[in-house]
Amino acid sequence: MAYDLEEQEQLDELKAWWKTYGKMVSNLVIGLLVAYAAYQGWTYYQTKQAVNASTEYQALQVVDTKDTKSFQAKAAVLMEKYSATPYAGRAAVLAAKANYEANQIKSAKAQLEWAISNAKETSVSAIASLQLANILAEENNFDAALKVLEAKHDAGFDGLFLDLKGDVLLGLGKRDEAKAAYELALTKLDAQGRYRHLTQQKIDSLG
Amino acid sequence: MLDGIRSVAKGWVGKAILAFITVPFALFGIDSYLSQAGNNAAIAKVDGSEISVQAYSNAMQNLRNRMQSEGKADQAQLDSPEVKAMVLDQLINEQLLEKEIQRANYKISDAQLATYITAMPSFQKDGKFSQELYDELLQQNRYTPKKFEAEIRATLLAQQAQDGIAKLGFISTARADKTLKLLNQKRVVTVSELKTKDYLDQVKVSPEEVKAYYDKHKDKLRDPEQVKIEFLLLSASSLVPGIKVDDADVKRYYDENSAKFKGDEQRRASHILIGFGVNATPEQKEEAKNKAQALLATIKKNPKSFEELAIKNSQDPGSATKGGDLGSFGRGAMVKPFEEAAFKMKVGEVSDLVESEFGYHIIKVTEITGQGSDFESLKAQIKGDLIFQKAQAEFVEKAESFSNAVYEQSESLAPVAKMFGGQLQLSGWTSREEAAKFFKNDKIVSLIFSPESIKEHRNTEAVEISPNNLVSARVLEYKPAATKSFDAVKAGIEDLLKLEAASKLAIAKGEEALKTLRAGGSVANLDWIPEVKVDRKNAQGLTQLAMTQVFKTDVSKLPAYSGLADSKLGYLIVKIIEVDTASVADAESVKTAKGELSQVLSDEYLSAYKQSLREKVKVTVNQRLLLENTNH
């Protein structure tokens, strides 16, 4: 089929346009394709990491915590290789728990500190803060404990933070401030839970 | 121009639009369009996702079923706002968790899923996973493997993300010890009560004080306005005695409405069928009839042979092997001639030959269950219904003339009572409140206490206080609200003032005594109960109030004293002699207590976790929909 004059003109225009912009257009297309592929690859990688971490995490669950060595080794793998997954933070707190029970307080504190700054879930960071403050208070390091408790955390954990703050203040001999903290804690703790009764008893014992 | 549109509509654009409209219908059915307005409306929104009324209703239904299976379903409780809120809360939490699992990127691999499922005890046969058992059980419970596996995966993910939180908590040794000491602390205590009533004879109230109290509170010491009334009731049930329905009416009604009286009667019957084919010739029919007749004669002679003859001769293969038994059936299940015969017979009776399109039947009824539908058994019920219907009709008819009569002869109810054959009733002095309790209708009460009734003693308009009950009332006497006279109330006021003064005195004495005791002095005339050793679980006879006070007392210096004032009872002094924190039970119970403690902590962690998820996103609840939604 032969092109008529008008069509021939249009073809020429198109060719001229391609000469000017062709490279730019094809670069753009290639760029988009590369970006898309990278995104797909990233998603795939993330999913694969999460799946592997999940498998490791399930395996960690069945290790006896008294078998400190293998428990810590497994937790370390999760913290090192899968730090981008939520499983790492959980593993760190679990490892700290096991270390505390085995009287490895220093390692426990280090793991909790790691969880506070690296956990992918803010609630896990909050739990790690609570546990760390707990240990510091036990060491009579009340000022350090207070500092941990005063850092920013999930509002859902306010009740637990305030309750522990009361304990720490009491350790510092600040009865009135402790009582105020407990009383504020009561307004934040689960209204149907049993924990609040403990807090109430602490208030009562202060007279 | 028009052509342009038409050609477009014929072209691919038009087809695509049409596809848009039709495809959703084809995929989801028209239902999903219509139900948007109803069940699919959102009862709550969680970060942009909706929880439908349908999902909520299902959750409610599940709860009901679970409670019913345990025999403690209480509809009123299930309808209470608290339970509704709880169920919705649960759904919201599930939704929140699901989103969090996605956000944090929790994953369960196919391999993990397979490991879990193949280890589930339900699918084990001879200690190994059985694919057959798996398929069978899933099918029984109407699950596709895909759906089942998705549910298990969701459960495993929730276990990791939510249940895992509970495992993270641990309680430091120092803290656990402190808490346990506090919990198990024993206190040796005694209490002394300064009772208000013991101080009554030490206080005097002068007549001037009583008068002053009366003058000050006069506004509140009032008798409400009261009336004495007569009233007349016209009701459908009061018309019943005057209504006559004869048996002929009942029969006619039964015949006209026989379809309505089919009842739920079920009959069980056996039969022997001698068929004659679809296009039988008269000869073939005759032959079948003769054969059937011969069988019938044998059965009439020996009724016990029915089953045996059915097995040998019946041409209904389904029932022949069972001795002719057809099982139970209601009306409408069998061909007409068969049904008519079967529903006319008594149990054990054998019919004559019954011809249907299938052939000749010999029928035996073996069992009758359910409500009968014959005239005799329904007669009484129908008669009752008819009488009430007529009474109701008469009530409706009379209601208007009753209303007119009480209006037109508004000076008295007596003539109206005569006209309608009712009994006029009288009341004693009645307040608004009492009248409302009696009539259970606000309109009649406000009419009785309206100026027209009170001043002019006119009949009130007739009010339908409840369905089929019409009342008109007339005020006979009226007593306006009035301040109670001083004499009527002075004794009561004196008692009240005495109590107040006595309790004040008791409290003052108590506070004074407490001061002395705290300063190390002694107070005579205090009745101390014998010392008891209490802990939080063992009150040793102390009241709840006293116990709370005992453990609220500051024990930094022993003996410690504290007091509790009660404006009615008087004053309570608590003395703590000894605090015993040393005797914290044996190692075993300490371990148990610690276990309990970490459980309490874990629970609180879990609720804090849920609370945190909720505070991070926007959750809205459609309260109106939630309160309105009652499903039964």
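Residues numbered from 1 in each chain as written. Chains lettered and ligands numbered in written order. Predicted model: local features only at pLDDT ≥ 70, side-chain atom pairs only at ≥ 80, totals over all residues. Heavy atoms only, no water.

An unreviewed UniProt entry lists chain B under the name Periplasmic chaperone PpiD, from Methylotenera oryzisoli. The UniProt entry for chain B carries this comment under Sequence similarities (unreviewed entry): "Belongs to the PpiD chaperone family." The UniProt entry for chain B carries the following text under Subcellular location (unreviewed entry): "Cell inner membrane". (UniProt positions renumbered as here; feature names shortened; annotations may be inferred.)

By the naming in an unreviewed UniProt entry, chain A is Ancillary SecYEG translocon subunit, taken from Methylotenera oryzisoli. Reading the Sequence similarities (unreviewed entry) entry of the UniProt record for chain A gives the comment "Belongs to the YfgM family."

Student: An account of the overall build of chain A is requested, with residue identities and associated values reported.
Tutor: When helices and strands are tallied, chain A shows nine helices and zero strands. Ordering the α and β elements of chain A from the N terminus gives α-α-α-α-α-α-α-α-α. In chain A, which comprises 207 residues, the proportion classed as buried is 42%. Sequence separation of 24 or more characterises 47% of the internal contacts of chain A that already satisfy a separation of 6 or more. Working note: accessible area of chain A is about 11,700 Å², and carbon and sulfur atoms make up 56% of it. (Helix = DSSP H or I, 4+ residues; strand = E, 2+ residues; numbered from the N terminus. Buried < 20%, exposed > 50% of the residue type's maximum accessible area, 1.4 Å probe, protein only. Contact = heavy atoms within 4.5 Å. Areas by Shrake-Rupley, 256 points an atom, 1.4 Å probe, with all protein chains shown as cover.)

Student: Talk me through the nonpolar core; I want residue IDs and the actual numbers.
Tutor: Residues Phe157 and Leu160 of chain A together with Ile43 and Leu88 of chain B are the most contacted members of the largest nonpolar core, which totals 105 residues. If near-sequence neighbours (up to four positions away) are discounted, Phe157 of chain A is found in contact with Ser123, Ala126, Ile127 and Leu130 of chain A together with Tyr605, Ala608, Tyr609 and Ser612 of chain B. Of all hydrophobic cores here, the second largest spans 26 residues; its members include Leu232, Ala236, Ala391 and Val406 of chain B. (Core = buried A, V, L, I, M, F, W, Y, C linked by side-chain atoms within 4.5 Å.)

Student: Talk me through helix α6 (residues 81-104) of chain B; I want residue IDs and the actual numbers.
Tutor: Relative to the 34 Å expected for 24 residues at 1.5 Å per residue, α6 of chain B spans 34 Å between its end C-alpha atoms, a close match to the ideal helical length. Just downstream of α6 of chain B, Asn105 of chain B is the residue with a positive phi angle, here 70 degrees. (Expected span 1.5 Å × (residues − 1).)

Student: How would you summarise the packing of aromatic side chains if you had to cite specific residues and measurements?
Tutor: Residue and element names in this part refer to chain B. Throughout the structure, instances matching the rule amount to 21 aromatic pairs over all chains. Each ring, one from Phe438 and one from Phe439, has its centre 5.0 Å from the other, and the planes form 85 degrees; the classification is edge-to-face. Residue classification places Phe438 among the exposed residues on the basis of a relative accessible area of 54%. Joined through ring pairs, the aromatic side chains of Phe123, Phe129, Tyr134, Tyr143 and Phe148 make up one cluster. (Phe/Tyr/Trp six-rings, centres within 6.5 Å; stacked < 30°, edge-to-face > 60°.)

Student: With reference to specific residues and values, describe the interface of chain B and chain A.
Tutor: Of the residues lining the interface, 44 residues belong to chain B; the matching set on chain A comes to 46 residues. Across the chain B/chain A interface, buried area totals approximately 4,100 Å², and carbon plus sulfur atoms make up 55% of it. There are five salt bridges connecting chain B and chain A. A salt bridge links Arg194 of chain A to Asp603 of chain B; the shortest N-O distance between them is 3.5 Å. Inspection of the chain B/chain A interface yields 27 residue pairs in polar contact (both at pLDDT 80 or more). Counting only elements with at least two residues in the side of chain B that touches chain A, the list comes to α6, α9 (145-168), α10 (173-184), α24 (544-552) and α25 (587-616) of chain B. Per-element accounting of the side of chain B that touches chain A gives the leading share, 14 residues, to α25 of chain B. (Buried area = accessible area lost by both parts, 1.4 Å probe. Salt bridge = Lys/Arg side-chain N within 4 Å of Asp/Glu carboxyl O. Polar contact = N/O pair within 3.5 Å; in protein donor to acceptor, adjacent residues only side chain to side chain.)

Student: So what's going on with the UniProt feature "transmembrane region" (unreviewed entry) in chain A? Which residues, and what values?
Tutor: When the UniProt feature table is mapped onto this chain, "transmembrane region" (unreviewed entry) is found at residues 20-39 of chain A. As a span, residues 20-39 of chain A carries 100% helix and 0% strand, and end to end its C-alpha atoms are 30 Å apart.

Student: Run through the sheet that holds strand β20 (residues 619-621) of chain B, naming residues and quoting values.
Tutor: Residues and elements named next belong to chain B. With respect to topology, three strands assemble into an open sheet ordered β2-β1-β20, the strand pairing being antiparallel. With partners counted over all chains shown, the strands left at the sheet margins are β2 (49-52) and β20, one partner each. Along the sheet, successive strands turn relative to each other by an average axial angle of 20 degrees, direction set aside. By the bridge criterion, three bridges tie strand β1 (residues 42-46) to β20 in an arrangement that is antiparallel. Paired with Val46 across the two strands is Val619, which belongs to β20. Along the sheet, helix α4 (residues 53-69) makes contact with β1 and β2, crossing β2 at roughly 50 degrees. (Pairing = 2+ DSSP bridges. Axes fitted to C-alpha atoms, helices over the stretch in contact; angles between N-to-C directions.)

Student: Describe the sheet that holds strand β9 (residues 325-329) of chain B, listing the residues and the values that go with them.
Tutor: Residue and element names in this part refer to chain B. Here four strands make up an open sheet; going across it, the order is β9-β8-β11-β10 and the pairing antiparallel. One side of each edge strand has no neighbouring strand; the edge strands of this open sheet are β9 and β10 (354-356). Strand-to-strand twist across the sheet, computed as the mean angle between neighbouring axes with direction ignored, equals 40 degrees. As paired elements, strand β8 (residues 266-275) and strand β11 (residues 359-369) share 10 bridges and run antiparallel to each other. The partner of Ser270 across the bridge, within β11, is Lys364. Across the face of the sheet, helix α14 (residues 282-301) comes into contact with β8, β10 and β11 while running at roughly 40 degrees to β11. Each of β8 and β11 touches helix α15 (residues 306-313); the most contacted strand, β8, lies at about 45 degrees to it.

Student: Pulling in residues and values, what's your account of the packing of helix α13 (residues 247-256) of chain B against helix α18 (residues 375-408) of chain B?
Tutor: All names here are of chain B. At a closest axis distance of 9 Å, the pairing of α13 and α18 adopts a crossing angle of 105 degrees. Classified by the angle between their axes, α13 and α18 sit roughly perpendicular to one another. Contacts from Asp247, Asp249, Val250, Lys251, Tyr253 and Tyr254 of α13 reach α18 at Phe375, Leu378, Lys379, Ile382, Lys383, Leu386, Gln389 and Lys390. Here the residues of the contact of α13 with α18 sort into seven nonpolar, one polar and six charged. (Parallel < 35°, antiparallel > 145°, perpendicular 65-115°, else oblique. Nonpolar A, V, L, I, M, F, W, Y, C, P; charged D, E, K, R; others polar.)

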